[in-house]
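Structural description and commentary
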Amino acid sequence: MLLNILFWFVLNISGKQEIFTTKFFYDVNYIKNSNELDVVFLNRILLLFYTPTKHLLIGKPIIKNIKVKAYIVQHFFGKKILIFRYKRKKNYKKLKGYKSLYTRIFINNLSYGA
């Protein structure tokens with residue numbers, strides 16, 4: 001399965017750098033001002049690796065003129081994270097929790113040009 005992948009690239013999405021490939025689903029931090037089934041062009045590519053020729057392209061700091069076309073599949077809440085605070089011998093206990101928002105995207109292909 002991994003032999004059929006043509007491109008590996010590192011994207012900077014909402015301050016996080018993650019490794020992506022084409023034709024896969026990924027869960028990333030929430031992308032604002034977007035609806036489901038929207039098309040998003042991601043242009044902060046830090047590194048690009050073309051598998052058949054083993055060609056590596058490194059950005060300084062980003063690669064210009066290359067964009068990644070991604071479809072937004074859905075927005076959803078992640079797993080609940082609980083924070084428990086207490087002070088010993090003082091009968092002080094506090095339990096808080098939150099769920100982070102995530103966006104599931106499908107990376108379709110790369111496009112070259114302005």
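The structure we're discussing is the one just above.
The numbers attached to residues start from 1 for each chain and follow its sequence in the written order. In keeping with the model being predicted, local features are shown solely for residues with a pLDDT of at least 70 and side-chain atom pairs are shown and tallied solely at 80 or more, while totals for entire chains, interfaces and linings include all residues. Note that water and hydrogens are dropped before the side-chain values are worked out from all heavy atoms of the structure.

Backbone torsion omega between Lys-60 and Pro-61 reads -5°, so that peptide bond is classified as cis. Secondary structure elements follow DSSP: runs of H or I no shorter than four residues count as helices, runs of E no shorter than two count as strands, and numbering proceeds from the N terminus. For Pro-61, the position within the fold is in the loop between β6 (55-58) and β7 (66-77). Its identity is not glycine, yet Asn-65 carries a phi of approximately 70°, on the positive side. Position of Asn-65 among the secondary structure elements: in the loop between β6 and β7. Burial status follows relative accessibility: with a 1.4 Å probe on protein chains alone, a residue under 20% of its type maximum counts as buried, one over 50% as exposed, and anything between as partly exposed. Residue classification places Asn-65 among the partly exposed residues on the basis of a relative accessible area of 42%. Despite not being glycine, Lys-89 has its phi angle at roughly 65°, a positive value. Here Lys-89 is to be found in the loop between β8 (81-87) and β9 (92-98).

What follows concerns the sheet that holds strand β5 (residues 45-50). Pairing between strands requires that DSSP locate at least two bridges from one strand to the other. The strand order β2-β1-β5-β6 describes an open sheet built from 4 strands, whose pairing is antiparallel. Looking at which strands have only one partner, the edges of the open sheet turn out to be β2 (16-21) and β6. Direction aside, neighbouring strands of the sheet carry axes that sit 15° apart on average. Bridge count between strand β1 (residues 7-13) and β2: 6 bridges; the pairing is antiparallel. By the bridge assignment, Ile-13 is partnered in β2 with Lys-16. An axis is simply a line fitted to the C-alpha atoms; with a helix, the fit covers only the stretch in contact. Between two such axes, the angle follows the N-to-C directions and lies from 0 to 180 degrees.

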